[in-house]
Number of protein chains: 2
Amino acid sequence: MRILVDAMGGDNAPFAIVEGAIAARKQIEHEIILIGREDVVLPAMKKHKAKDIEFVDATEVITNDEAPVKAVRSKKDSSIVKGLNMLKNGEADVFLSAGSTGALLAGGLFILGRVQGIDRPSLAAIYPVIGSSPSLLIDAGANTECKPNNLLEFATMGSIYMEKVMGLENPRVGLLNNGAEENKGTTLTKAAHELLAKSSLNFVGNVEARYLQDGVCDVIVSDGFTGNAVLKVTEGMGLMILRELKRRFTKNGMTKMGALFLSKELKNIKVELDYTEYGGAPILGVKGALLKMHGSADEVAVEKTILKAIPYVENSVVETIQNSTIELEEILQS
Amino acid sequence: MRILVDAMGGDNAPFAIVEGAIAARKQIEHEIILIGREDVVLPAMKKHKAKDIEFVDATEVITNDEAPVKAVRSKKDSSIVKGLNMLKNGEADVFLSAGSTGALLAGGLFILGRVQGIDRPSLAAIYPVIGSSPSLLIDAGANTECKPNNLLEFATMGSIYMEKVMGLENPRVGLLNNGAEENKGTTLTKAAHELLAKSSLNFVGNVEARYLQDGVCDVIVSDGFTGNAVLKVTEGMGLMILRELKRRFTKNGMTKMGALFLSKELKNIKVELDYTEYGGAPILGVKGALLKMHGSADEVAVEKTILKAIPYVENSVVETIQNSTIELEEILQS
């Protein structure tokens, strides 16, 4: 397997990417290829004594500030565009990037193309659940306005990802809604509820945002606008609480002493609340294995995402999504 | 001023309501009237030795499980319907209830009626911000599907509430969106952004859910579906983190010792994260001063909400909203 990693994307590039790649490479026999600007990436690889890691030069960089569609069209030799082309041409089996989400989505659509039968490819995100294994939130912001069939697609693709990559049997699919009763919600969620109930998914019904932290489902289905808001407020709160704990616990000698007694527990809480500890999230519904890493991913997150890329490819997520579209069509026509 | 309080609503009724009313009464000279079933409320008042508190009998109760519209139409002698009628008839100046939100909204519309020029009355909610004063989130769930003019109304009413009741000068109004740039978002948020920019409000632009905890604005404007999700996930996370801290800090002798050193700080964190500590939230845009208390409000929350009812009435929130509709109309026609 050839795992291609964008060495230019994210707040901590190139060093966190290079370090994460090195850490992952030590654990696996698959090829890892870094792509990026020679003058930036090679020195970082040299500094960290990268071994058994390949490099591909890409002279341009797409930043988060650029208009995604325009950037993808004009910067043909950027790490993102060149990387996606390598994925398309079979020069890589999976592509990982912490770069511009917009450019990855636009590039995914233009270069890889949609899986036939999928109307809207989607950005999924790992949704942290305190004291429990994370859920998958889909859509996390790629599709701000959705139709009911899009939510059915998200549910199906998310369920496949959680089964094939995260190893969950029969993942529980919940529809994010403002009440548990099936007649609750907007025109969109009511219609999506009907479609989901007809599917062969393990649909557990509506889930309220209030209970997401109780781990009531493995796949949280939402339009991208609400999904983005819920994900971001969760991340923002986690970081804010960490800051607040730190501020309060370092106030004086007594609080510092208390924190010392609790240091192990505090460290574990940090891991639970700090979303950057989680690995990447897939862009599902495009013809290729594409993983988006968090913009603030550190070397541990990069390492974890690279390791997750393996079951993504080996367990044929993209092909399984392709096969699922037959059922999707049947549901929509029933 | 006559402050009417529903003694039947919420998880902790009637005792938390009675205790909260007693605590508030000691601090103010205004009349407090409890409304509810005689056989339930009078014993509670007797038990807590309620003094200088009036009582009005209402023989029926509307529960959270009932269909709101049907309940409001059929249960004329419920504390909610009778209370709203007393508010309408001037027998009370403000009405507070921790009962069914749906019934309060439906009853508010049917019995009090909309302020002329307001298309959609709205449920606002206090949005807790860790380490800072709370914001107001509007709409918090009353209007799942909105038009751009509704968001302008919410912004205006929320701004008036924060100024008149919370004492903020020129409250900062932010539009909840999936990006800071003004061209970001859905058809709805883009159009709402244009309207807000034309208004005389202190509009600070789009705010991302990620930054709500940084207290970037005083009034968070949203459609009710997204607003509800953001509020509920914030509340759910707060409670979950409190549970997790408690679980981890009571593990063994050493962690308990640490927690002892930190007891004051932990108590303060609890206050910040526990949304039930906050007072009630207004239902704005109806012809009457109506405050919804949280379903799990305890006696402290009841007390706080009663105290907040005073500036609500004294500073003429309802009349100010009525006066604001002239500008709203001008903006929509421009």
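Computed from a prediction, not measured in an experiment: that's the story for all the values here. (Residues numbered from 1 in each chain as written. Chains lettered and ligands numbered in written order. Predicted model: local features only at pLDDT ≥ 70, side-chain atom pairs only at ≥ 80, totals over all residues. Heavy atoms only, no water.)

> I keep staring at the overall build of chain A and nothing clicks. Help me out?
Helix and strand counts for chain A come out as twelve helices and eleven strands. Its C-alpha atoms give chain A a radius of gyration of 20 Å, within 12% of the compact-globule value 20 Å for 334 residues. Buried positions account for 58% of the 334 residues belonging to chain A. Intrachain contacts of chain A at a sequence separation of at least 6 include 70% that bridge at least 24 residues. Placing the 37 positive and 43 negative side-chain charges of chain A at their respective mean positions leaves the two points 6 Å apart. (Helix = DSSP H or I, 4+ residues; strand = E, 2+ residues; numbered from the N terminus. Rg over C-alpha atoms; globule rule 2.2 N^0.38 Å. Buried < 20%, exposed > 50% of the residue type's maximum accessible area, 1.4 Å probe, protein only. Contact = heavy atoms within 4.5 Å. Lys, Arg positive; Asp, Glu negative; His and termini not counted. Charge placed at Lys NZ, Arg CZ, Asp CG, Glu CD.)

> Any chance you could explain the relation of the copies chain A and chain B here in plain terms?
Each of the two chain copies can be generated from the other by rotation about an axis followed by a shift along it. For the pair chain A and chain B, the relating rotation is 180°, the translation along its axis is 0.0 Å, and the fit reaches an RMSD of 0.0 Å. Given the turn and translation reported, the copies of this chain are related as if by a two-fold rotation axis. Rotation axis and chain A: the residue whose C-alpha lies nearest the axis is A:Gly258, separated from it by 2.0 Å. Looking at chain A, 100% of its interface residues are interface residues in chain B too, so the copies touch through the same face. (Least-squares fit on C-alpha atoms with pLDDT ≥ 70 in both.)

> I tried to follow the state of the cysteines on my own but got confused; where do I start?
Each disulfide is one covalent bond, formed between the sulfur atoms of two cysteines. Within the structure shown, the criterion is met by zero disulfides over all chains. No disulfide involves A:Cys146; its sulfur sits 17 Å from that of A:Cys217, the nearest cysteine. (Disulfide = S-S within 2.5 Å.)

> Help me out: how do you make sense of the packing of aromatic side chains in this one?
The description of an aromatic ring pair uses the distance of the two centres, along with the angle that the planes make with each other. Residues and elements named next belong to chain A. The final tally for this structure, using the stated rule, is three aromatic pairs over all chains. Between tyrosine 161 and tyrosine 312, the ring centres sit 5.7 Å apart and the planes meet at 85°, which makes this aromatic pair edge-to-face. Within this pair, whereas tyrosine 161 is found in helix 6 (residues 148-164), its partner tyrosine 312 is found in helix 11 (residues 299-314), the two being separated by 151 residues in sequence. The residues tyrosine 161 and tyrosine 312 share a single accessibility class, namely buried. For lysine 47, the ring lying beneath its charged end belongs to phenylalanine 15, and the centroid distance is 4.9 Å. (Phe/Tyr/Trp six-rings, centres within 6.5 Å; stacked < 30°, edge-to-face > 60°. Lys NZ or Arg CZ within 6 Å of the ring centre and 35° of its normal.)

> Looking at this structure, I do not really get the side chain of B:Asp223. What am I missing?
In this structure, B:Asp223 sits in the loop between strand 9 (219-221) and helix 8 (224-249). One buried charged residue, B:Asp223, remains without a salt bridge, the closest side chain of opposite sign being B:Arg120 at 9.4 Å. For B:Asp223, the side chain forms a polar contact with the main-chain nitrogen of B:Phe225, separated by 2.9 Å. Apart from residues lying up to four places away in sequence, B:Asp223 is in contact with A:Phe225, B:Asp139, B:Asn143, B:Thr144, B:Cys146, B:Leu151 and B:Leu188. (Salt bridge = Lys/Arg side-chain N within 4 Å of Asp/Glu carboxyl O. Polar contact = N/O pair within 3.5 Å; in protein donor to acceptor, adjacent residues only side chain to side chain.)

> Just to check I follow, could you spell out the interface of chain A and chain B for this structure?
Where interface size is quoted, it is often the accessible area lost as the parts come together. Tallying the contact residues gives 52 residues for chain A and 52 residues for chain B. Counting every contact that joins chain A to chain B gives eight salt bridges. Residue B:Lys251 is joined to A:Glu265 by a salt bridge in which the shortest nitrogen-to-oxygen separation is 3.4 Å. Where chain A meets chain B, there are eight residue pairs in polar contact (both at pLDDT 80 or more). For the side of chain A that touches chain B, the secondary structure elements donating two or more residues are strand 7 (172-177), helix 7 (187-198), helix 8 (224-249), helix 9 (253-261) and helix 10 (263-273) of chain A. Of the residues that constitute the side of chain A that touches chain B, the class distribution is 24 nonpolar, 17 polar and eleven charged. (Nonpolar A, V, L, I, M, F, W, Y, C, P; charged D, E, K, R; others polar.)

> Please clarify how the sheet that holds strand 3 (residues 54-57) of chain A should be interpreted in this entry.
One key point about sheets: their strands pair by backbone hydrogen bonds, in either a parallel or an antiparallel sense. All names here are of chain A. Taking strand neighbours across the sheet as the criterion, the eleven strands line up as 3-2-1-4-11-10-5-6-9-7-8 in an open arrangement whose pairing is mixed. Looking at the sheet topology across the chains shown, the edges are occupied by strand 3 and strand 8 (202-208). This sheet shows a mean twist of 25° between the axes of neighbouring strands, independent of strand direction. Both strand 2 (residues 31-36) and strand 3 contribute to a ladder of four bridges, which runs parallel. Its bridge partner being in strand 3, glycine 36 is matched across the sheet by aspartate 57. Packed onto the sheet, helix 11 meets strand 1 (2-6), strand 2, strand 4 (94-97), strand 5 (122-127), strand 10 (281-284) and strand 11 (289-292) and runs at close to 155° relative to strand 11. (Pairing = 2+ DSSP bridges. Axes fitted to C-alpha atoms, helices over the stretch in contact; angles between N-to-C directions.)

> Could you clarify how one ought to interpret the environment of B:Lys308 in this entry?
Take B:Lys308: it is sitting in helix 11 (residues 299-314). Measuring from C-alpha to C-alpha, the distance between B:Lys308 and B:Gly280 comes to 8.2 Å, with 28 residues separating the pair along the chain.

> How do you make sense of the packing of helix 10 of chain A against helix 8 of chain B when you look at a structure like this?
Geometrically, a packed helix pair is captured by the angle between its two axes and the distance between the axes. Running from N to C, helix 10 of chain A and helix 8 of chain B point in directions that differ by 155°, and their axes come no closer than 10 Å. By the angle between their directions, the pair helix 10 of chain A and helix 8 of chain B is classed as roughly antiparallel. Regarding helix 10 of chain A and helix 8 of chain B, the two cross each other, and that crossing is right-handed. Of the residues in helix 8 of chain B, those touching helix 10 of chain A at A:Glu265, A:Leu266, A:Asn268, A:Ile269, A:Glu272 and A:Leu273 are B:Met237, B:Ile241, B:Glu244, B:Leu245, B:Arg248 and B:Phe249. A breakdown of the residues in the contact of helix 10 of chain A with helix 8 of chain B according to their chemical character gives seven nonpolar, one polar and four charged. (Parallel < 35°, antiparallel > 145°, perpendicular 65-115°, else oblique. Left-handed = near helix turned anticlockwise from the far one by under 90°.)

> Which parts of the structure should I look at to understand the sheet that holds strand 3 (residues 53-57) of chain B?
Residue and element names in this part refer to chain B. The eleven strands lie next to each other as 3-2-1-4-11-10-5-6-9-7-8, forming an open sheet whose pairing is mixed. The two strands at the open ends of the sheet, each matched to only one other strand, are strand 3 and strand 8 (202-208). Mean inter-strand twist for the sheet, computed between neighbouring axes without regard to direction, equals 25°. Its contacts with the sheet place helix 8 against strand 5 (122-127), strand 6 (135-138) and strand 7 (172-177), and it is angled at close to 30° to strand 5.

> Whenever I open this one, the pattern of salt bridges confuses me. Can you help?
Where charged atoms from two side chains of opposite charge approach closely, those side chains can pair. Summed over the entire model, instances satisfying the criterion amount to 24 salt bridges over all chains. Residue B:Glu244 pairs with B:Arg248 through a salt bridge whose shortest N-O separation is 3.0 Å. One end of the pair, B:Glu244, and the other, B:Arg248, are both in helix 8, four residues apart, so they sit about a helical turn from each other. Residues participating in the shared-partner salt-bridge network are A:Glu244, A:Arg247, A:Arg248, A:Lys251, B:Glu265 and B:Glu272.

> Quick question: what am I supposed to make of the nonpolar core here?
A general feature of soluble globular proteins is that nonpolar side chains tend to end up buried together. Formed by 81 residues in total, the largest nonpolar core has its most connected members in A:Tyr127 and B:Tyr127. Apart from residues no more than four positions distant in its own chain, A:Tyr127 is found in contact with A:Pro134, A:Ser135, A:Leu137, A:Leu212, A:Gln213, A:Ile220, A:Val230, A:Leu231, A:Thr234 and B:Val233. (Core = buried A, V, L, I, M, F, W, Y, C linked by side-chain atoms within 4.5 Å.)

> Teacher, can you tell me more about the side chain of A:Thr156 here?
Within the secondary structure layout, A:Thr156 lies in helix 6. Apart from residues no more than four positions distant in its own chain, A:Thr156 is found in contact with A:Leu201, A:Ser324 and A:Leu328.

Read these as geometric descriptors, not functional statements.
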